[in-house]
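Architecture at a glance
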Amino acid sequence: IYSSAIREGNPAFDAAKRLDKAMVRRADALAALMLGKKGILIAGMHGKTTVSAMAAHVLRAAGAHPSHYVGAEIPILGTNARWDAGGEYFVAEGDESDGTIVGYHPEHTIVLNIEPEHLDHYADLAAIDAAFARLLDQTKGKIFYCADDAGACRVCAARPGAVSYGKKGAYACANITSSGFASTFSFRRENTELARVTLNVPGEHNVLNATAVLALCVELGLDLEKCAAALEAFRGARRRFEVVHNSDDFLLIDDYGHHPTEIA
């Protein structure tokens, strides 16, 4: 099983071809594994790892026994991948970079954002939109999308039964306050507060991420009090604004962000 980063010239890849070994792309293997569960796919250009980790952590805290596959080390989960035979859900991130996102047939999909990226693979933004549209065609249940992102709205808003979230979504975050690397906000549905949430990962983008996860939890019928409490304990993924050192002398952050939007 090999990722899109592994190709001809890699010694293991070349040896497998020479020995006529059975070979399969990582995304295809993951999509096949997810067919044994109700897949919850996290898609978009930015934030997939964090939201996948958040969702797996919160579903676990709510007693749903989720399986998960996340593309980074997640301290609070203990491992980046886990199969739990006791639960019906499988949370994973769908990588759009090489087009393999069209191979998934999830129960539910969360679309965080869509904008030009991976233009070494896609001809243009229209080709990116087409890949996401195909994924949504193959989604059996709910489609959640960020109402604050123009690309997500463009591709998702007209879909029957699509569920919006964000500062102006059907599920909304409001009264956001920040202190240091923490935020608090009101999680609402149609102007009715469902929970008051404290989040200990920084930035308004993470408030939106948490809102997506809480919207999913409500739609799945999970205990929202447990879900909101679990978010307060979440501390992020490795290399996603990871505080490596913090003292009176200096602050050192390790971050994977490599796209202008991610850096901003």
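Conventions and cut-offs
Residues numbered from 1 in each chain as written. Predicted model: local features only at pLDDT ≥ 70, side-chain atom pairs only at ≥ 80, totals over all residues. Heavy atoms only, no water. Phe/Tyr/Trp six-rings, centres within 6.5 Å; stacked < 30°, edge-to-face > 60°. Buried < 20%, exposed > 50% of the residue type's maximum accessible area, 1.4 Å probe, protein only. Helix = DSSP H or I, 4+ residues; strand = E, 2+ residues; numbered from the N terminus. Lys NZ or Arg CZ within 6 Å of the ring centre and 35° of its normal. Pairing = 2+ DSSP bridges. Contact = heavy atoms within 4.5 Å. Axes fitted to C-alpha atoms, helices over the stretch in contact; angles between N-to-C directions.

1. With respect to the packing of aromatic side chains
In total, this model carries 3 aromatic pairs according to the counting rule given. Where Trp83 meets Phe90, the ring centres are 6.1 Å apart and the plane angle is 65°; that geometry is what we call edge-to-face. Taking the relative accessible area as the measure of exposure, Trp83 reaches 46% and is therefore partly exposed. For Phe90, a relative accessible area of 3% corresponds to the buried category. Centre to centre, the rings of Tyr171 and Phe187 are 5.8 Å apart; their planes meet at 5°, and the pair counts as stacked. Pair noted here: Tyr171 is in strand β8 (residues 171–179) and Phe187 is in strand β9 (residues 182–189), with a separation of 16 residues, a long-range link. As far as the burial class goes, Tyr171 and Phe187 line up, both buried. A cation sits over an aromatic face here: Lys37 above Trp83, 4.7 Å from the ring centre.

2. Looking at the sheet that holds strand β3 (residues 81–82)
The strand order across the open sheet formed by 10 strands is β3-β2-β4-β1-β5-β6-β7-β8-β9-β10, and the pairing between neighbours is mixed. If you trace the sheet from one side to the other, it starts and ends with β3 and β10 (192–199), each paired once. Summarising the sheet, strand β1 (residues 38–43) and strand β5 (residues 108–111) pair through 4 bridges and their orientation is parallel. Within β5, the residue paired with Ala43 across the bridge is Val111. Contacting β1, β2 (67–69), β3, β4 (89–93) and β10, helix α3 (residues 48–61) runs over the sheet at an angle of about 160° to β4. Along the sheet face, helix α7 (residues 224–233) touches β9 and β10 and points at about 25° away from the line of β10.

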